[in-house]
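So you can see what is in the structure, the chains are spelled out below.
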Amino acid sequence: MLSGIAYAAVQLVRHGQVGGDLQSPTQEVRISNSPQMQGKALSADSTAQPVVYEDAELATIVNDISTFYQVKPVYKKEDSKHIRLYFTWDKHSSIDDIVDTFNKFERIHITLENKKLIVE
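Reading the values: the criteria
- Residues numbered from 1 in each chain as written.
- Predicted model: local features only at pLDDT ≥ 70, side-chain atom pairs only at ≥ 80, totals over all residues.
- Heavy atoms only, no water.
- Pairing = 2+ DSSP bridges.
- Helix = DSSP H or I, 4+ residues; strand = E, 2+ residues; numbered from the N terminus.
- Core = buried A, V, L, I, M, F, W, Y, C linked by side-chain atoms within 4.5 Å.
- Buried < 20%, exposed > 50% of the residue type's maximum accessible area, 1.4 Å probe, protein only.
- Axes fitted to C-alpha atoms, helices over the stretch in contact; angles between N-to-C directions.
- Contact = heavy atoms within 4.5 Å.
- Parallel < 35°, antiparallel > 145°, perpendicular 65-115°, else oblique.
- Left-handed = near helix turned anticlockwise from the far one by under 90°.
- Nonpolar A, V, L, I, M, F, W, Y, C, P; charged D, E, K, R; others polar.
- Expected span 1.5 Å × (residues − 1).
- Phe/Tyr/Trp six-rings, centres within 6.5 Å; stacked < 30°, edge-to-face > 60°.
- Lys NZ or Arg CZ within 6 Å of the ring centre and 35° of its normal.

Enquirer: How should the pairing of strand 5 (residues 116–119) be read in this particular structure?
Expert: Within a regular beta strand, the side chains point alternately toward one face of the sheet and then the other, so they alternate between its two faces. In this sheet, strand 5 lies alongside strand 2 (residues 72–75) in parallel orientation, the contact comprising 4 bridges. Along strand 5, the bridge assignment pairs P73 with L117. In this sheet, strand 5 lies alongside strand 4 (residues 110–113) in antiparallel orientation, the contact comprising 4 bridges. Across the sheet, L112 pairs through a bridge with L117, a residue of strand 5. Two successive antiparallel strands, strand 4 and strand 5, enclose a turn made up of 2 residues, where N114 displays a positive phi of approximately 50°.

Enquirer: Would you mind going over the nonpolar core with me for this structure?
Expert: Side chains of a nonpolar character, in soluble globular proteins, are inclined to be buried together. One finds I65, L85, F87 and F102 to be the most contacted residues of the largest nonpolar core, which totals 24 residues. Of all the secondary structure elements, the ones that give two or more residues to this core are strand 1 (51–57), helix 2 (58–69), strand 3 (84–89), helix 3 (95–102) and strand 5. Top element by residues in this core is helix 2. It accounts for 6 residues.

Enquirer: I would appreciate a short explanation of the sheet that holds strand 5 in the present structure.
Expert: Picture the strands of a sheet paired through backbone hydrogen bonds; they go either parallel or antiparallel. What the 3 strands build is an open sheet, ordered 2-5-4; its pairing is mixed. Either end of the sheet is taken by a strand with one partner, and the two such strands are strand 2 and strand 4. Averaged over neighbouring strand pairs, the angle between their axes works out to 25° when direction is ignored. The sheet strands contacting helix 2 are strand 2, strand 4 and strand 5, and the helix crosses strand 2 at an angle near 150°.

Enquirer: For this particular structure, what's the right way to read the packing of helix 2 against helix 3?
Expert: Packed helix pairs are characterised by how far apart their axes lie and by the angle those axes make with each other. Here helix 2 crosses helix 3 at 165°, and the two axes come no closer than 11 Å. Accordingly, the angle class assigned to the pair helix 2 and helix 3 is roughly antiparallel. Relative to helix 3, the crossing made by helix 2 is left-handed. Between helix 2 and helix 3, the residues in contact are L58, I61, I65 and Y69 and I95, I98 and F102, respectively. Residues of the contact of helix 2 with helix 3, tallied by class, amount to 7 nonpolar, no polar and no charged.

Enquirer: Teacher, can you tell me more about helix 2 here?
Expert: Every α-helix carries 3.6 residues per turn, so stepping three or four residues along brings you back to the same face. Between its first and last C-alpha, helix 2 extends 16 Å over 12 residues, near the 16 Å set by a 1.5 Å rise per residue. If you check which residues of helix 2 are buried, you get L58, A59, I61, V62, D64, I65, S66 and Y69. On the buried face of helix 2, the contacting elements are strand 1, strand 2, strand 3, helix 3, strand 4 and strand 5. Where helix 2 ends, the next residue or the one after it, Q70, has phi of about 55°, a positive value.

Enquirer: Can you walk me through the packing of aromatic side chains in this structure?
Expert: What describes a pair of aromatic rings is the distance from one ring centre to the other and the angle between the planes of the rings. Enumeration according to the criterion identifies 4 aromatic pairs in this entry. For the ring pair F68 and Y69, a centre distance of 4.9 Å and an interplane angle of 80° mean the geometry is edge-to-face. Residue F68 is classed as partly exposed on the basis of its relative accessible area, which comes to 29%. The structure contains a cluster of three or more aromatic residues connected by ring pairs, namely F68, Y69 and W89. Between K91 and the ring centre of W89, over which it is positioned, the NZ or CZ distance is 5.4 Å.

Right under this line is the structure:
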């Protein structure tokens, strides 16, 4: 768990250094599955910044990513939904890159098969 948090912290620092000063305030972006957003196209500005999750449950992150990439989340174990982590999601990344990033965490194993994001 500790190594996963350390990896996520490194990712946050790397993304924070791109084109800016580390002392500037961090902006947190939340994704909502509200009915108001369903069926609406995202503007180019809404995908420009990475989405930052701080101490969020894996289910929250995976569900947001699944909605964005139009894949179905499937959880093999109920416990895996409640793993908490820090994660930065760059919407410009491919779904395969995101799966690879998740699989670098010790307690997480995710595969993509037939438009399903399978969390074990």
